[in-house]
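Residues per chain are reported as follows:
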Amino acid sequence: MTIMLERAMPATLPRLLAGGRRLAEHRSTYGAMPLARYAGEAGRQRLIDEVLGAGLRGRGGAGFPTGRKLATVAGGDKRPVVIANGCESEPASRKDRMLLTAAPHLVLDGAVLAAHAVGADRVMLCVERGSSLADRLERELTQRRDDPVKWRLVRVPRRYVASEESALVHYINSGDARPTAVPPRPFERGVGGRPTLVDNVETLAHIALIAAYGAYWFRELGTESDPGSTLVTISGAVAQPNVYEIAPGMRLGEVLDAAGGATEPLSAVLVGGYFGTWVSLPDGWSLPLSHDRSGPGGTTLGAGAIVALPAGACGLAETARVARYLAEESAAQCGPCQFGLPAIANDLAAVAFARCDPATRQRLTRRIGMVTGRGACRHPDGATRLVNSALTTFAADLETHMDGWTCTGVSRDPILPLPDKRHRDKGWK
Amino acid sequence: MSDEPGLRLQVDPIACVAHASCRELLPERITLDEWGYPIISTDPLPPDLVSHARRAVAACPTLALRVDGKLARQR
Ligand code: SF4
Ligand code: SF4
């Protein structure tokens, strides 16, 4: 069956950022929300099939196929709930805030369509609390009284792991934003014991576009295993740090060029944010970027944060600061995470800022192996992935530190951004 | 992973308080890390260890330890 499109949408970029901020502008770019096209039980299934066919992967970090998640939640035995996850706790990422500012109604349309697909009638839009974004979204929601869902804006504590899906569900259910042990996963038993679809806000915006323009259109950009377009936040030593909409499969060098190119010689690039991996240059210039973890070195776009490291900075010192931050952000519920991450941060700081003695180096490697896979959530795994990749990528620097020389880079101003301590919530309520 | 038959030991890392009685009852499958938390092999349990494993599960004061047909965090 052929679906007649109300409006043609070019296959080129930008897609997500083509519309406007106000509801009227948004509608004039993308047309009405295509709910009627997916009416009834058969229509809901058709919408899920369309997303499956599009091959959309989640844009929150894990890159899980979105259609499969929709199908699972839709198949539950109770009426499901949808969580639109706009808590961008990743310090090097701004894309979700940017999208919710520049194109809020695309996200909200996507959430309504996702709710329709899974049979939910409630959507909870989660954002970090204490930002002007929350107030603005509250106002946008008042424009959408005709939506067939009940909206709720949830202001979540500013903590790194509070945006993890079990943490969001826990916060909504009990006011405590720490992750919970799994199983059950939110798609089995989430908000109020109901199957809960937790999708990143960019993922939802793509669902809105797929519903309007179809899987074939979506696949005109990107790669076979990671189709479509995606938002990336590029920062560090580039001329125009900003959020960009790119097509997966683009090479790292091209993506940096899109941000105006490097402002000084680079030694490495952090890809995927603080649960991501370092890619050393110049070898990494031609690395194709995607959300598919099967790529070289396990590098994925994750939540889309890309940070260019100048050759004059110290990758070990940069990583040590982030490791300390990640240790402080542990929810301190699981022993290996609560005790292991600070121990790893201490070892890495000793290696980076002082003389790297072989015993500390060995202990660090052993501790990395020891905490990986042993938390209730993936916080320790993400942190150790980053530290591990720093040890590999900056192996030559490690040798220098080993000889008793720390590099001059350790005294440079930090490149990897960290939230100001004053703006971090201490508690979890 | 979960398609493989067999029972597996599993620990809820949030409930576990490093009491370590499990390690005494099942040293074949449980070691302790440097902070006293159990490192548990999640390979399927051989039949001769199942009853020992069940005893360790029963002895855990916080009900953190389970014997289960499924593994956590699969997806
Ligand atoms: S692994 Fe760490 S962050 Fe995750 S629930 Fe356990 S203690 Fe909290
Ligand atoms: S007996 Fe229970 S609480 Fe104690 S270490 Fe073993 S699993 Fe953890």
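Heads up: the structure comes first, above all this text.
Note that this is a predicted model, so its numbers are computed, not measured.

Helix and strand content of chain A: 14 helices and nine strands. Considering only C-alpha atoms, chain A reaches an extent of 70 × 45 × 35 Å along its principal axes. Relative to its 429 residues, chain A shows a buried fraction of 58%. A total accessible area of about 16500 Å² is found for chain A, and carbon and sulfur atoms account for 51% of it. Here chain A carries 51 positive and 44 negative side-chain charges, and the mean point of each set is 6 Å from the other.

All right, on to the interface of chain A and chain B then. On the side of chain B, 15 residues touch chain A, which itself brings 28 residues to the contact. Overall, the association of chain A and chain B removes approximately 1800 Å² of surface from exposure, summing both partners, and the carbon and sulfur fraction of that is 57%. Sorting the residues of chain A by area buried against chain B places Phe-339, Met-370 and Arg-374 of chain A first, and these three jointly supply 25% of that buried surface. Counting across the chain A and chain B interface gives three salt bridges. With a shortest N-O distance of 3.7 Å, Glu-34 of chain B and Arg-366 of chain A are connected by a salt bridge. Taken together, the links from chain A to chain B amount to three residue pairs in polar contact (both at pLDDT 80 or more). For the side of chain A that touches chain B, the secondary structure elements donating two or more residues are α11 (335-353) and α12 (358-371) of chain A. The element that contributes the greatest number of residues to the side of chain A that touches chain B is α11 of chain A, accounting for five residues. Residues that form the side of chain A that touches chain B fall into these classes: 14 nonpolar, six polar and eight charged.

Close to ligand 2 lie Val-11, Cys-16, Val-17, Ala-18, His-19, Ala-20, Ser-21, Cys-22, Pro-38, Cys-60, Pro-61 and Thr-62 of chain B. By residue class, the composition of the shell around ligand 2 is nine nonpolar, three polar and no charged.

With that out of the way, let us pick up the side chain of Thr-277 of chain A. Residue and element names in this part refer to chain A. Looking at the secondary structure, you find Thr-277 in strand β8 (residues 277-280). A polar contact is formed between the side chain of Thr-277 and the side chain of Thr-299, at a distance of 3.4 Å. In this structure, Thr-277 is in contact with Val-269, Leu-270, Val-271, Thr-299, Arg-385 and Ser-389, ignoring residues within four places of it in sequence.

Residues and elements named next belong to chain A. All chains considered together, the criterion is met by 25 salt bridges over all chains. A salt bridge links Arg-185 to Glu-165; its shortest N-O distance comes to 2.9 Å. With Arg-185 in the loop between α7 (165-174) and β4 (196-200) and Glu-165 in helix α7, this pair connects stretches of sequence that are 20 residues apart. Here the salt bridges share partners, and the residues they tie into one network are Arg-59, Lys-95, Asp-96, Glu-202 and Asp-226.

Another point: helix α8 (residues 201-218) of chain A. Residue and element names in this part refer to chain A. The first and last C-alpha atoms of α8 sit only 17 Å apart over 18 residues, clearly below the 26 Å expected at 1.5 Å per residue. Along α8, the sharpest change in direction is near 90° and occurs at Ala-212. Residue Asn-200 occupies the N-cap position of α8, its side-chain oxygen lying 2.7 Å from the main-chain nitrogen of Glu-202.

Around ligand 1, a shell composed of 13 residues is seen, among which Ala-331, Gln-333, Cys-334, Cys-337 and Cys-377 of chain A lie nearest. The residue makeup of the shell around ligand 1, split by class, is nine nonpolar, four polar and no charged.

So, about the pairing of β4 of chain A. Residues and elements named next belong to chain A. β4 sits mainly inside the fold: five of its five residues count as buried. Side chains of β4 alternate between two faces, with Thr-196, Val-198 and Asn-200 and Leu-197 and Asp-199 buried alike. The pairing of strand β1 (residues 81-86) with β4 spans five bridges and is parallel. Bridging from a neighbouring strand, Val-82 pairs with Leu-197 of β4.

Rules of the game
- Residues numbered from 1 in each chain as written.
- Chains lettered and ligands numbered in written order.
- Predicted model: local features only at pLDDT ≥ 70, side-chain atom pairs only at ≥ 80, totals over all residues.
- Heavy atoms only, no water.
- Helix = DSSP H or I, 4+ residues; strand = E, 2+ residues; numbered from the N terminus.
- Buried < 20%, exposed > 50% of the residue type's maximum accessible area, 1.4 Å probe, protein only.
- Areas by Shrake-Rupley, 256 points an atom, 1.4 Å probe, with all protein chains shown as cover.
- Lys, Arg positive; Asp, Glu negative; His and termini not counted.
- Charge placed at Lys NZ, Arg CZ, Asp CG, Glu CD.
- Contact = heavy atoms within 4.5 Å.
- Buried area = accessible area lost by both parts, 1.4 Å probe.
- Salt bridge = Lys/Arg side-chain N within 4 Å of Asp/Glu carboxyl O.
- Polar contact = N/O pair within 3.5 Å; in protein donor to acceptor, adjacent residues only side chain to side chain.
- Nonpolar A, V, L, I, M, F, W, Y, C, P; charged D, E, K, R; others polar.
- Near = heavy atom within 4 Å.
- Expected span 1.5 Å × (residues − 1).
- Bend = angle between axes of the 7 residues up to and from the residue.
- Pairing = 2+ DSSP bridges.

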